[in-house]
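# Architecture at a glance
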Amino acid sequence: MDRRVVVTGVGIVSPLGVGTQESWKECLAGTSGVSPITKFDCEGFAVQIAGEVKDFDPLDYVSRKDLKKMDYHIQYALAAAEFALDGAGLKGEDRPYSADRMGVLIGSGIGGLNMMEVHHRTLLDKGPGKVSPFFIPGLIVNEAAGWVSIKFGFKGPNSATCTACTTGSHAIGDACRIVARGDAEVMVAGGTEGVVCALAVDGFAAMRALSTRNEEPERASRPFDADRNGFILGEGAGVLVLESEETARKRGAPIVAEVVGYGMSGDAYHISSPPPDGDGAVRVMAGTLDNAKVNTDEVDYVNAHGTSTPVGDRIETTAIKDVFRDHVAKLAVSSTKSMTGHLLGAAGGVEAGFCALGLRDQVIPPTINYETPDPECDLDYVPNEARQAEHQYALSNSFGFGGTNAALLFKRY
């Protein structure tokens, strides 16, 4: 990267809370955000639990007139962006940068599946001509970035990623490069998702990807535990404000952490499963460290992709061992998905936020529900309780369907 890039704001809307401070507090407390589904009647469904965003009032962030034009993923992105910009001191109109030097790059893995479900039902029930004119703009993936740019008046780069569960990390990494090469001074970047709906739940359940531990939702997401049996579908948004370090320092911005590395790789193996040797994960982690010019023994913490699937957690463990080798014994690895569930396209954004906040506060979040060790998953997963720990570097992993991988490396500032 040509210019140093720092995080000056973190915005999180998650099953742990609406707002960065609430989500971070509950994350460190080891709280589970998983609960019975309330967004639709799930009687008869094999899976009846999810990581829903609770107590979210979209009218706190969106006008009533505009609300009907946007699916959940757009609403969550607007709220998260507002939290992030507020933290960065850039929410108001009195900003130190011109509008064309401030941009947005927010993606979604799926987009407006809720609106698709609702309007398809309208078409079937009422016939042609009854579908809302707001249907298409309300579901498109890049409309989250579009609405954020409109609300805050950002006229710089305006783009979106759509790379399944790697979306948020790709958005942040690509936005970092935009700032690093001088195409913008500020980028609002991350991922958003809002697909706790019947179609998504039944679709993922049909793949046997989801946990069916319906009777004890708080204990259902259990990455790396021997009794894990699938991931929990979650929703929310994670957004970072990324700035040139030089200009952020000049304006006295509250710098949370520095982004020092970004890597991408492809598995070229299977549409929904990683290769048994974790080759793509190995290459993306190694590539990110190489991009940052950081040695493996300098990294202290990995926020794992860690979805709570039997195969995925084992392969990620193998990949981490292959990359860090002898240093792995000193490495802390945790999955915050144990608390949030898997937020799909928003996961990388939320987890990047947790990494940056952890470096700022010198604390490592836990993997909750870690009760029965798996002989094939034998790392230090920071079980059940957050850990105060001095650390300089935090690596965030994201892997997605289609064999797409990304990793981000953050440094304490």
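Right, let's walk through the structure included here. As the structure is a computational prediction, the values presented were derived from the model and not from experiment. (Residues numbered from 1 in each chain as written. Predicted model: local features only at pLDDT ≥ 70, side-chain atom pairs only at ≥ 80, totals over all residues. Heavy atoms only, no water.)

### Focus: the pattern of salt bridges
In the structure shown here, the tally under the stated rule is 26 salt bridges. E235 is the salt-bridge partner of K39, the closest N and O atoms lying 3.0 Å from each other. With K39 in the loop between β3 (35-36) and β4 (49-50) and E235 in the loop between α8 (198-206) and β8 (236-244), this residue pair connects regions lying 196 residues apart in the sequence. The shortest N-O distance in the salt bridge between R219 and E216 comes to 2.5 Å. One salt-bridge network, held together by shared partners, links R213, E216, R219, R222, D225 and E371. (Salt bridge = Lys/Arg side-chain N within 4 Å of Asp/Glu carboxyl O. Helix = DSSP H or I, 4+ residues; strand = E, 2+ residues; numbered from the N terminus.)

### Details of the pairing of strand β5 (residues 102-107)
With six of six residues buried, β5 is to be regarded as a mostly interior element. Burial along β5 is two-sided: the residues M102, V104 and I106 and G103, L105 and G107 are all buried. Relative to strand β7 (residues 186-193), β5 runs parallel, the two sharing six bridges. Across the sheet, M102 pairs through a bridge with V186, a residue of β7. (Buried < 20%, exposed > 50% of the residue type's maximum accessible area, 1.4 Å probe, protein only. Pairing = 2+ DSSP bridges.)

### Overview of the nonpolar core
In terms of nonpolar packing, the biggest core is built from 46 residues, with V7, I172, L240, L242 and F410 touching the most fellow members. If near-sequence neighbours (up to four positions away) are discounted, L242 is found in contact with V5, V6, V7, I172, A175, C176, V179, E185, V186, M187, A189 and V259. Listed in part, the 32 residues of the second largest apolar core include Y76, A81, A88 and V104. (Core = buried A, V, L, I, M, F, W, Y, C linked by side-chain atoms within 4.5 Å. Contact = heavy atoms within 4.5 Å.)

### Description of the packing of helix α3 (residues 72-88) against helix α6 (residues 143-152)
At a minimum axis distance of 9 Å, the contact between α3 and α6 shows a crossing angle of 45 degrees. The angle between the axes of α3 and α6 places the two elements in the oblique class. Both α3 and α6 take part in a crossing whose hand is right-handed. Here H73, I74, A77, L78, A81, E82 and L85 of α3 lie close against α6, whose contacting residues are E143, A144, W147, V148, K151 and F152. Here the contact of α3 with α6 is composed, by residue class, of nine nonpolar, one polar and three charged. (Axes fitted to C-alpha atoms, helices over the stretch in contact; angles between N-to-C directions. Parallel < 35°, antiparallel > 145°, perpendicular 65-115°, else oblique. Left-handed = near helix turned anticlockwise from the far one by under 90°. Nonpolar A, V, L, I, M, F, W, Y, C, P; charged D, E, K, R; others polar.)

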